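Coordinate inspection notes
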Amino acid sequence: MKIELIQLQRHGDYRGGLIALEQNENVPFQVKRVYYLFDTAAGVRRGMHAHRNLQQLVIAIRGCCHFLLDDGQERHELCLDDPSQGLLVRPGMWREMYDFSKDCILLVLADQLYDERDYIRDYDEFLAMCRS
Ligand code: T46
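As the structure is a prediction and not an experimental result, all values here were calculated from the model. (Residues numbered from 1 in each chain as written. Predicted model: local features only at pLDDT ≥ 70, side-chain atom pairs only at ≥ 80, totals over all residues. Heavy atoms only, no water.)

Turning to the site of the ligand, a few remarks are in order. Taken together, 13 residues form the shell around the ligand, and within it R33, H51, Q56, R95 and Y119 come nearest. At 3.3 Å from an oxygen atom of the ligand is found a side-chain nitrogen or oxygen belonging to Y35. When the free accessible area of the ligand is taken as 650 Å², the share hidden by the protein chains comes to 67%. Of all the cavities here, the one that holds the ligand is the largest pocket. Among the elements of the structure, β4 (33-37), β5 (46-51) and β10 (94-98) are those that each provide at least two residues to the shell around the ligand. (Near = heavy atom within 4 Å. Polar contact = N/O pair within 3.5 Å; in protein donor to acceptor, adjacent residues only side chain to side chain. Areas by Shrake-Rupley, 256 points an atom, 1.4 Å probe, with all protein chains shown as cover. 1 Å grid on protein atoms, 1.4 Å probe; cavity = no way out; pocket = protein on both sides within 12 Å on 5 of 7 lines; lining within 4 Å. Sits in = over half its atoms within 2 Å of the grid points. Helix = DSSP H or I, 4+ residues; strand = E, 2+ residues; numbered from the N terminus.)

Structure follows, in structure tokens:
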């Protein structure tokens, strides 16, 4: 499985950092929705689903969490802890997020509006989709 991490250029100076996210530049799609996950309770696992069509860029803009990606054949886990790294999550990838630090904020840019019909929340259904 190819893990796609996008290095985001860090600007800024002695006053602090700044990272710009630009559609079709360092974000490789048209952005239709932005959301963020925060105040995740200790010990919680989030995600546990795949998307049929949605493509997303995920950035830990504060704190850290672990991210599991599963393409139906291989699983890969990584730690997101760098605001200058974006994880590209393509359609058809099962994802789970866990071990959130108390201060973790995950920023997510998405190429579609929210649509519950795009979610596959059953792992066996996900595997069947991968096989088909
Ligand atoms: C993903 C990971 C990284 C909305 O109303 N609008 C939205 O845009 C989103 C994303 C969610 N919601 C509602 C649906 C649920 O009632 O917010 C609630 C929590 O959503 P969910 O349980 O899907 O959250 P996570 O953290 O499990 O997953 C989210 C995204 O849903 C998902 O697409 O890839 O973050």
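What follows concerns the sheet that holds strand β1 (residues 4-7). The sheet built from five strands is open, its strands ordered β1-β9-β6-β11-β4 with antiparallel pairing. Looking at strand neighbours, the two that pair on one side only are β1 and β4, the edges of this open sheet. Neighbour-to-neighbour, the strand axes of the sheet open up by a mean angle of 25 degrees, direction not taken into account. Where strand β6 (residues 56-62) lies against strand β11 (residues 105-110), six bridges are found, and the strand directions are antiparallel. Looking across to β11, one finds that A60 is bridged to L106. (Pairing = 2+ DSSP bridges. Axes fitted to C-alpha atoms, helices over the stretch in contact; angles between N-to-C directions.)

To continue, consider the environment of Y35. Residue position: Y35 is located in strand β4. Judged by its relative accessible area of 25%, Y35 falls in the partly exposed class. As a C-alpha pair, Y35 and L107 span 72 residues in sequence and 6.1 Å in three-dimensional space. Residues within four places of Y35 in sequence aside, it is in contact with Q56, L106, L107 and V108. Separated by 2.8 Å, the side chains of Y35 and Q56 make a polar contact. (Buried < 20%, exposed > 50% of the residue type's maximum accessible area, 1.4 Å probe, protein only. Contact = heavy atoms within 4.5 Å.)

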